[in-house]
Amino acid sequence: MSLLRCAMVAWAVCAVWTTDDRAQLWADEPGLWADAVAQAPAKPRPLMNLAKQYVIDGDVAAADAAYRQAMALASATGRSQDERIHGVGLAATNLALLRCRAGDRLGALAITTAALKHRPVSTTLAEVHSWLELQRLSCS
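Residues numbered from 1 in each chain as written. Predicted model: local features only at pLDDT ≥ 70, side-chain atom pairs only at ≥ 80, totals over all residues. Heavy atoms only, no water.

*Asks:* Mind showing me how you'd approach the environment of Val60 here?
*Replies:* Here Val60 lies in helix H4 (residues 60-74). Val60 gets classed as partly exposed once you look at its relative accessible area, which sits at 39%. Sequence separation of Val60 and Ala102 is 42 residues, and the distance between their C-alpha atoms is 9.3 Å. (Helix = DSSP H or I, 4+ residues; strand = E, 2+ residues; numbered from the N terminus. Buried < 20%, exposed > 50% of the residue type's maximum accessible area, 1.4 Å probe, protein only.)

Written out as structure tokens, the structure reads:
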């Protein structure tokens, strides 16, 4: 067999092996988002998706930490206006709803109030803040 054929066979074997590893990762949602965060640690979107997965899995403390980290990344210097609006807005909205679900309306309001200081403001965040203000005793 020629050297070129050997190289092509070796490349094909490596490609199949790597593809199989990635396919297994895509089959596991928590693993997928943890890997996405590891691949792009400065991006807020993978963290927000990982936080959502933590919520689904019932790990509220991990979700809270991931949403807060995503908000910090989204508001960092150098982010585009779109990243700031959507990153801060979505992370703050989800974090506030997480607090609300735990029965902490005032904590949820504190999160949205602080996030509304970022300019420009996400309309979703503003709507959730208004809804929280209308709630008198609880978030139900």
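Moving on from the model shown.
*Asks:* Explanation requested: the layout of surface pockets in the structure shown.
*Replies:* Any empty space left between atoms is shown by rolling a water-sized probe over those atoms. A volume near 220 Å³ is recorded for the largest pocket. In terms of lining residues, the largest pocket is bounded by Lys43, Pro44, Arg45, Pro46, Met48, Asn49, Asp82, Glu83, His86, Gly87 and Leu90. Broken down by secondary-structure element, the contributors of at least two residues to the lining of the largest pocket are helix H3 (44-57) and helix H5 (81-101). Its residues assigned to classes, the lining of the largest pocket shows 4 nonpolar, 3 polar and 4 charged. (1 Å grid on protein atoms, 1.4 Å probe; cavity = no way out; pocket = protein on both sides within 12 Å on 5 of 7 lines; lining within 4 Å. Points joined across faces, edges and corners; volume = space filled by probe spheres on them. Nonpolar A, V, L, I, M, F, W, Y, C, P; charged D, E, K, R; others polar.)

*Asks:* I tried to follow H4 on my own but got confused; where do I start?
*Replies:* For an α-helix, 3.6 residues make a turn, and residues three or four places apart therefore share a direction. For H4, which comprises 15 residues, the first-to-last C-alpha distance of 21 Å matches the rise-based estimate of 21 Å (1.5 Å per residue) to within 8%. Among the residues of H4, those classed as buried are Ala62, Ala63, Asp64, Ala66, Tyr67, Ala70, Met71, Leu73 and Ala74. (Expected span 1.5 Å × (residues − 1).)

*Asks:* What should I look at first to understand the packing of helix H2 (residues 29-39) against H3 in this one?
*Replies:* Any two packed helices are characterised by the angle at which their axes cross and by the distance between the axes. H3 packs onto H2 with a crossing angle of 155° between their chain directions and a minimal axis gap of 8 Å. The pairing of H2 with H3 is recorded here as roughly antiparallel in orientation. Judged by the twist between their axes, the crossing of H2 over H3 is left-handed. Contacts between H2 and H3 pair Glu29, Pro30, Trp33, Ala34, Ala36 and Val37 from the former with Pro46, Leu47, Asn49, Leu50, Lys52, Gln53 and Asp57 from the latter. (Axes fitted to C-alpha atoms, helices over the stretch in contact; angles between N-to-C directions. Parallel < 35°, antiparallel > 145°, perpendicular 65-115°, else oblique. Left-handed = near helix turned anticlockwise from the far one by under 90°. Contact = heavy atoms within 4.5 Å.)

*Asks:* Which parts of the structure should I look at to understand the pattern of salt bridges?
*Replies:* Opposite charge on two side chains lets them pair, provided their charged atoms get close. Enumeration according to the criterion identifies 3 salt bridges in this entry. A salt bridge links Arg79 to Glu83, with the nearest nitrogen and oxygen atoms 3.3 Å apart. Under the relative-accessibility criterion, Arg79 is labelled buried at 17%. Accessibility expressed as a relative area gives 27% for Glu83, which makes it partly exposed. Among the salt bridges present, the one from Arg99 reaches Asp104, with a minimum N-O distance of 3.4 Å. (Salt bridge = Lys/Arg side-chain N within 4 Å of Asp/Glu carboxyl O.)

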